[in-house]
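Notes for the structure review
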Amino acid sequence: MKKILGITLLLAGLIAAICIYQMTSTGSAAFFGSGNLSNLAQRIGILGIYAIGAGIVILSGGIDLSIGSVIGFSGVVMAMAVNAWGLSPWVVALGVIAMCVLLGVWHGFLIGRFNLQPFIVTLCTLLLLRGLGRGISGGVSQNLAHFSYLGNGSFLHVPIPFWILVVLGLIIGFFMNFTVYGRYLYAIGRNEEAVRYSGIKVNRMRTGAYVTCAVLAGIAGIVSVSYTGEVQPANAGLMFELWAIAAAVLGGCSLRGGEGSILGIIIGAALIKVMYNGINLLGVNTEWEWAVIGIVILGGVIADAAYKQKAARRVKSAKG
Amino acid sequence: MQGITKRFPGVLALNRVDFELFPAEICGLIGENGAGKSTLIRILAGIFQADDGEISLHSQPVRILSVQDSLALGVSVIHQELNLASNLDIASNIFLGREPRKGLLVDRKELYARSAELASRVGMTAPLTTLVEKLSPGEQQLVEIAKALSAEARILVLDEPTSSLTPTEAEKLFEVMRRLKNSGVSMVYISHRLSEVQEICDRVVVLRDGERVGEIPKESIAASEMVKLMVGRDISRFFPQHGEHKESAVAMSVKGLRYEGCKSDITFDLYSGEILGVAGLVGAGRTELMGAIFGIEPKSSGEVLIYGQSADIRSPADAIRASMGLVPEDRKALGVILEMCVSENITLPSIGSYNPPFMDRKREKQVATEQVAALDIKTPSLTHDVQFLSGGNQQKVALAKWLSLNPRILILDEPTRGIDIGSKSEIYKLIRNLADSGVAVIMVSSELEEIIGLSDRVMVMHEGKCTGTLAQDEINEERIMQLATGGVHGA
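Here the structure is a predicted model, which means the values were calculated and not measured. (Residues numbered from 1 in each chain as written. Chains lettered and ligands numbered in written order. Predicted model: local features only at pLDDT ≥ 70, side-chain atom pairs only at ≥ 80, totals over all residues.)

What links the strands of a sheet is backbone hydrogen bonding, and the strands pair in either a parallel or an antiparallel sense. Residue and element names in this part refer to chain B. Reading across from one edge, 6-9-10-3-11-12 is the order of the six strands in this open sheet, with mixed pairing throughout. Edge positions in the sheet fall to strand 6 (75–78) and strand 12 (211–217), since each of these pairs with one other strand and no more. On average, each strand axis in the sheet is inclined to that of its neighbour by 20°, with strand direction left out of account. Strands strand 3 (26–30), strand 6, strand 9 (155–159), strand 10 (186–190) and strand 11 (203–208) of the sheet are contacted by helix 1 (residues 37–45), whose axis makes an angle of about 140° with strand 6. (Pairing = 2+ DSSP bridges. Helix = DSSP H or I, 4+ residues; strand = E, 2+ residues; numbered from the N terminus. Axes fitted to C-alpha atoms, helices over the stretch in contact; angles between N-to-C directions. Contact = placed C-beta atoms within 7 Å.)

Encoded structure:
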């Protein structure tokens, strides 16, 4: 809980800093201005959805590098299927989700049965799906009309993507905290063999994590293509897995596995998007974007590690 | 070392401890886990600094502020977990970081020449170009000693050096130690194996609860003396009474079992209420057999019957459903999950059954509290991480995991490895009580005293096959060793 308090304070501090800077330089708090919060909420929504997926896999001891390609590929399939066969986007969306389930099962199978490294398996998916998306579309940008409510609509003045994030967050959060499977996943992230010796079906659990991640990435891809109305096969979702991992790590998921919380991941996602927003509002040259964000994430992670080392040393010394 | 005092938050680890080491002697340092032995040694090795007290070497006061300082002063510690680079050869390991140089390059001729000299000093016969990972634990230990000697160590601290050695290798180690002693090296020997301490040490210093409680000169070294000082009370009946022989049902019947690494069919019966000791040398294949029975390893043929019913066990989940439990050999890697807390560990196998699929934290707490009380697990709280408990308490947590499931068959693999005397005795009582309540217990152990003291019957393995089973009145050290080294029962 300390970690969540820490990053919430960081988030609040960041927002405060942005507002203060704005007030003193332009005399208005554009952060809270008309479209800004709404835009921000929508972006946090989308990042949050697939960051939760990344976080679940990470805390179970694995990693999924294919998230970005799944997002892109989902968008391409959505657009192409609706255009080519005239199906309702909602039907195609269900199909895309089913495809993501199969992808997750595939990942779980390769990692569990053949003991392959998650890094390599998902890296290959990253390449395969990106290539597949570009191949079937010929690299041509695809449009998707009449489906913009999901990505652009609002309910009670809050953008739909944010609502989706909240609902998914609650469901998955409940699952992780109030069912035994959550406990199993954390344990597997700490020590997979010991969990196997305790009679838990490790492969099944791990596959569940990868399925969740793929499905969430698929949902994010669907919402994304709804938002922009078009998808470019070559770079839709490119590198998104890095943002997902960054959000998850900022939110408390150690890459070693066994740690992390859904709320933390959402706050992590918010931190990243607020940073982006801040950079824009403050007029920082967008060329410097990634440098700024990279430094902040690194700073956060170092601070966290230093705090942990201090705490661990205190307890370990007490043991003698 | 005089008046050494060391405080950690909340704990007085060492309280004005004096420890002296004379030239050319082997001094044993014993005490329960938590008594302060490792803290004292770490202060000597420069890993910690004492809050109070002085250290002097050859009557000169010294300040040891870092590991480099202690190495420079000729102090070398050989830890329980060896620190060798397994992918390098013997000579490279001996001089790791201190290779003789010719300018910028390593002087290989000099390296091998000097290594050869050290190797003969420790009686190592393997060629110096052998990769360390190909050596047996005993030979690896010799490399560590040679390494210490290459740093001109005059004081050698050996921390539990025999825990992964066969009896033959341990003897060889003692020979080397005696030779070193004759050449003037002094040694501190830390071990829980009191019979070894008795054999090799010139005197023994006993620590308890951070204080030096006594010293035993060579003539008086006896296990009972040592135990009394270590524990502070008389453990007269170290091993609980054997169960009376009563007619009981066959709890488990293994027929014609074959798995990878076994050299012939394994067939044996296990009776309810008995403790079946499984003895053998390191590498005899006992852990693999237990793995095959429990579903960790696949079996290629054979069947396992539980109370007469055939049980198709292909995974630990199946074994658990058949009312079995297994406490693995490697406590830290497999028996418990170190970074999780006591209650989480204890309830891991059973939590899925409280209120599936939901978490029942109330019941979790209840079960964990029951087990902690029943096994007398010393922990500040249920939410304390298991990695902060002592070895003995960690093992109790590993046991508690299974006890809450009420298994009818429990397999224990090296249940008291690396555990101090006091906790060992408690665990033996627990095992006996379990058996008396009807559980069929299999106990794999490499400590003969344990096997002889606790088992109702003993099955011995040698190189992947079962060489014989001894009934209660046939159990003795000789017979067991005979079977363990390949003799056949009845011969």
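So, on to the environment of Arg121 of chain B. For Arg121 of chain B, the location among the structural elements is in helix 4 (residues 108–121). On the basis of neighbour counts, which here come to 16 C-beta atoms within 10 Å, the residue Arg121 of chain B falls in the partly exposed class. (Buried ≥ 20, exposed ≤ 12 C-beta atoms within 10 Å, placed from the backbone.)

Let's shift gears to the sheet that holds strand 16 (residues 299–306) of chain B. All names here are of chain B. Reading across the sheet, the four strands line up as 14-13-16-17 and stay open at both edges, with antiparallel pairing between neighbours. Every interior strand has two partners, whereas the edge strands, strand 14 (266–271) and strand 17 (309–311), have only one. Here the strands of the sheet are splayed against their neighbours by 20° on average, with no regard to which way each runs. With five bridges connecting them, strand 13 (residues 250–259) and strand 14 associate as antiparallel partners. When the sheet's bridge partners are listed, Met252 is paired in strand 14 with Leu270.

Here we take up the packing of helix 3 (residues 67–85) of chain A against helix 5 (residues 118–137) of chain A. All names here are of chain A. Relative orientation of the contacting elements helix 3 and helix 5 amounts to 25°, with a least axis distance of 8 Å. As far as their axial angle goes, helix 5 and helix 3 are roughly parallel. You can see that helix 3 and helix 5 cross each other, and the crossing is left-handed. Mapping the contact onto sequence places Gly68, Ser69, Val70, Gly72, Phe73, Val76 and Met80 in helix 3 and Thr125, Leu126, Leu129, Arg130, Leu132, Gly133, Ile136 and Ser137 in helix 5. Its residues placed into classes, the contact of helix 3 with helix 5 shows eight nonpolar, six polar and one charged. (Parallel < 35°, antiparallel > 145°, perpendicular 65-115°, else oblique. Left-handed = near helix turned anticlockwise from the far one by under 90°. Nonpolar A, V, L, I, M, F, W, Y, C, P; charged D, E, K, R; others polar.)

Before going further, it helps to spend a moment on the pairing of strand 10 of chain B. Residue and element names in this part refer to chain B. Of all five residues making up strand 10, five are buried, and the element is well covered by its neighbours. Residue alternation in strand 10 divides its side chains into two sets, Ser186, Val188 and Ile190 and Met187 and Tyr189, and both sets are buried. Pairing analysis gives five bridges linking strand 9 to strand 10, with the strands arranged parallel. Considered in strand 10, the bridge of Leu156 is made with Met187. Traced from strand 9 through helix 6 (residues 167–182) to strand 10, the parallel crossover comes out right-handed. (Right-handed = clockwise from strand over helix to strand, strands pointing away.)

At the interface, 28 residues of chain B touch 22 residues of chain A. Elements with a minimum of two residues in the side of chain B that touches chain A: strand 2 (11–17), helix 10 (316–321) and helix 11 (331–335) of chain B. In terms of residues, the side of chain B that touches chain A owes the most to one element, helix 10 of chain B, which gives three residues. Broken down by class, the residue content of the side of chain B that touches chain A amounts to 21 nonpolar, five polar and two charged.

A few words now on helix 10 (residues 202–228) of chain A. Residues and elements named next belong to chain A. Here helix 10 spans 39 Å end to end across 27 residues, near enough to the 39 Å set by a 1.5 Å rise per residue. With 23 of 27 residues buried, helix 10 is to be regarded as a mostly interior element. Where helix 10 terminates, the next one or two residues include Gly229, which has phi positive at roughly 75°. (Expected span 1.5 Å × (residues − 1).)

Residue and element names in this part refer to chain B. Taking 1.5 Å of rise per residue, the 15 residues of helix 13 (residues 361–375) would be expected to cover 21 Å, and the 21 Å separating its terminal C-alpha atoms lies within 8% of that figure. Restricting attention to buried positions, one finds in helix 13 the residues Glu364, Val367, Ala368, Gln371 and Val372. Buried residues of helix 13 fall within an arc of 130° about the axis and therefore sit on the same side. Exposed positions of helix 13 whose direction lies more than 90 degrees from the buried face are Lys362 and Ala373. (Arc of directions from axis to C-beta.)

Moving on, we come to unusual backbone geometry. Residues and elements named next belong to chain B. The omega angle of the peptide bond from Pro356 to Pro357 is -5°, so this bond is cis rather than trans. Note on placement: Pro357 falls in the loop between helix 12 (342–347) and helix 13. Even without being glycine, Glu160 reaches a positive phi, approximately 45°. Residue position: Glu160 is located in the loop between strand 9 and helix 6. With 17 C-beta atoms packed within 10 Å, Glu160 lands in the partly exposed category. Positive phi, close to 50°, is recorded for Asn406, a residue that is not glycine. Note on placement: Asn406 falls in the loop between helix 14 (391–403) and strand 19 (409–413).

We now examine the pairing of strand 18 (residues 324–327) of chain B. Residue and element names in this part refer to chain B. Side chains Met324 and Leu326 project from strand 18 onto one buried face, and the interleaved Gly325 and Val327 project onto a second face that is buried too. Note: strand 18 against strand 19, four bridges, orientation parallel. Looking at strand 19, one finds that Val327 is bridged to Leu412.

All right, on to the packing of helix 7 (residues 160–178) of chain A against helix 12 (residues 262–281) of chain A then. Residue and element names in this part refer to chain A. Remark: helix 7 packs on helix 12, axes separated minimally by 9 Å, with the N-to-C direction vectors making an angle of 150°. Relative to helix 12, the element helix 7 lies roughly antiparallel. The segment helix 7 lies against helix 12, with Leu165, Gly169, Ile172, Gly173 and Met176 engaging Ile262, Leu263 and Ile266.

Of all hydrophobic cores here, the largest spans 163 residues; its most connected members are Tyr50 and Ala247 of chain A together with Val441 of chain B. Residue contributions to this core peak at 16 residues, all from helix 10 of chain A. Ignoring any residue separated from it by four or fewer positions in sequence, one finds Ala247 of chain A in contact with Leu47, Ala51, Ile265, Gly268, Ala269 and Ile272 of chain A. Formed by 66 residues, the second largest nonpolar core is a distinct cluster that contains Ala13, Leu135, Leu149 and Ile200 of chain B. (Core = buried A, V, L, I, M, F, W, Y, C linked by C-beta atoms within 7 Å.)

Residue and element names in this part refer to chain B. Topologically, Leu40 is positioned in helix 1. Accessibility expressed as a C-beta count within 10 Å gives 28 for Leu40, which makes it buried. Sequence separation of Leu40 and Asp312 is 272 residues, and the distance between their C-alpha atoms is 52 Å. The residues touching Leu40, leaving out its near neighbours within four places in the chain, are Ile4, Leu14, Val17 and Phe19.

Chain-level pLDDT for chain B is 84 on average; 95% of the residues reach the 70-or-more range. Predicted as a complex, the structure gets a pTM of 0.77 and an ipTM equal to 0.84. (pLDDT = per-residue confidence, 0-100.)

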